[in-house]
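Structural characterization, general
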Amino acid sequence: MSAPLYLWPAAARFGRPVPKTKFYEKATISPAVRGKFVSEIQRITWAYKLSDETIHLRSNTAVPEIQIFAIDAKDDDVTDGVLAAIDKAIPTPIIFEINRGLGDHGTTRMTAAYKQIGAGIPRLSSYFTTDWHRANATRALLPPALDLSGLYTSLLAPILPIALRPGEASSDASGRMELGRKLEREIAAMDKKLRTEPQFNRKVELRRQLRDRTAALNALTEPITPKTEESLWRS
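Below is a summary of the structure that appears in this document.

Conventions and cut-offs
- Residues numbered from 1 in each chain as written.
- Predicted model: local features only at pLDDT ≥ 70, side-chain atom pairs only at ≥ 80, totals over all residues.
- Heavy atoms only, no water.
- Salt bridge = Lys/Arg side-chain N within 4 Å of Asp/Glu carboxyl O.
- Helix = DSSP H or I, 4+ residues; strand = E, 2+ residues; numbered from the N terminus.
- Buried < 20%, exposed > 50% of the residue type's maximum accessible area, 1.4 Å probe, protein only.
- Core = buried A, V, L, I, M, F, W, Y, C linked by side-chain atoms within 4.5 Å.
- Contact = heavy atoms within 4.5 Å.

Pairing between side chains becomes possible if they bear opposite charge and their charged atoms approach one another. Under the counting rule described, the total for this entry stands at 10 salt bridges. Ionic pairing is found between Arg-43 and Asp-72, a salt bridge with its closest N-O pair at 2.6 Å. Of this pair, Arg-43 sits in strand β2 (residues 41–50) while Asp-72 sits in strand β3 (residues 66–73), placing them 29 residues apart in sequence. Across the pair Arg-208 and Glu-205 runs a salt bridge, and its minimum N-O distance is 2.6 Å. Residue Arg-208 and its partner Glu-205 are both found in helix α7 (residues 200–221); the two are separated by three residues, about one turn of the helix. Judged by its relative accessible area of 36%, Arg-208 is partly exposed.

Counting residues in each nonpolar core, the largest one holds 26 residues, and the members touching the most others are Trp-8, Leu-50, Ile-66, Ile-95, Leu-151 and Leu-155. Elements that contribute at least two residues to this core include exactly β2, β3, β5 (107–116) and α5 (148–156). With five residues, α5 is the single largest residue contributor to this core. Setting aside its immediate chain neighbours within four residues, Leu-50 contacts Trp-8, Pro-9, Ala-12, Ile-55, Glu-65, Ile-66, Ile-68, Leu-148, Leu-151 and Leu-155.

Attention shifts here to the environment of Glu-40. Within the secondary structure layout, Glu-40 lies in helix α2 (residues 31–40). Its relative accessible area of 11% is what places Glu-40 among the buried residues. Considered as a pair, Glu-40 and Ile-71 are 31 residues apart in the sequence and their alpha carbons are 9.7 Å apart. If near-sequence neighbours (up to four positions away) are discounted, Glu-40 is found in contact with Asp-72, Ala-73, Lys-74, Asp-75, Asp-77, Val-78, Thr-79 and Val-82.

One non-glycine residue, His-56, lies in positive phi territory at about 60°. Within the secondary structure, His-56 sits in the loop between α3 (52–55) and β3.

Here we come to the environment of Ile-71. Within the secondary structure layout, Ile-71 lies in strand β3. What makes Ile-71 buried here is its relative accessible area of 0%. As for Ile-71 and Ile-41, which are separated by 30 residues in sequence, their C-alpha atoms are 6.9 Å apart. In this view, Ile-71 contacts Ile-41, Arg-43, Ile-44, Val-78, Leu-83, Ile-86, Phe-96, Glu-97, Ile-98 and Asn-99; residues no more than four positions away in its chain are not counted.

Another aspect to go through is helix α4 (residues 80–89). Burial analysis of α4 places seven of its 10 residues in the buried class, which makes it a mostly covered element. Those residues of α4 that fall on the buried side of the exposure criterion are Val-82, Leu-83, Ala-84, Ala-85, Ile-86, Asp-87 and Ala-89.

As far as function goes, none of this settles anything; it's purely spatial.
Printed below as a string of structure tokens:
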């Protein structure tokens, strides 16, 4: 996605290296994922802590803090399964910056999943990401926000594959995307079945179901334009 890297506030700098073994202790990690920790990650740094104390934005139970983790990749990238293992071990939202290459050839991408915090293991959406940027590229200032929850939504908004609707929280947009992906899978399966279905009546029914699901998918992904005063008067 065409979204910026952010200039994180100096007051929020944490700068603490985190050994990979810490995540083995705090989360149930399969041998395959543990192997990827070793093969994909050079270094993990807890780079910034965005909180009421550091940036003076009010917290709440949904977003008590926002952590910025910088991960130096050994090769080209770090896979989502490794990021999810880290995410599940930390009980607050995380924004990841993945770094690859060195010096003038270094590049960075920002990636995150929407994290829902509650009892037990946090629930994660799919991961969303920026394009790769030059590591020394000019960074954007943080978007304005009234509290940490609003900041979290604003940080995620540019990397979501669909636009936030007016007044929509990132959790709702994430739910729309997950439902949209489910509908896309159902549409693909029905389309495949339609091409091989020999019975005419069954074909008619499959076409009807395809139209219904396609309409539902469009309704999920299309933006909603707020009504103007004039349009409200006309209605």
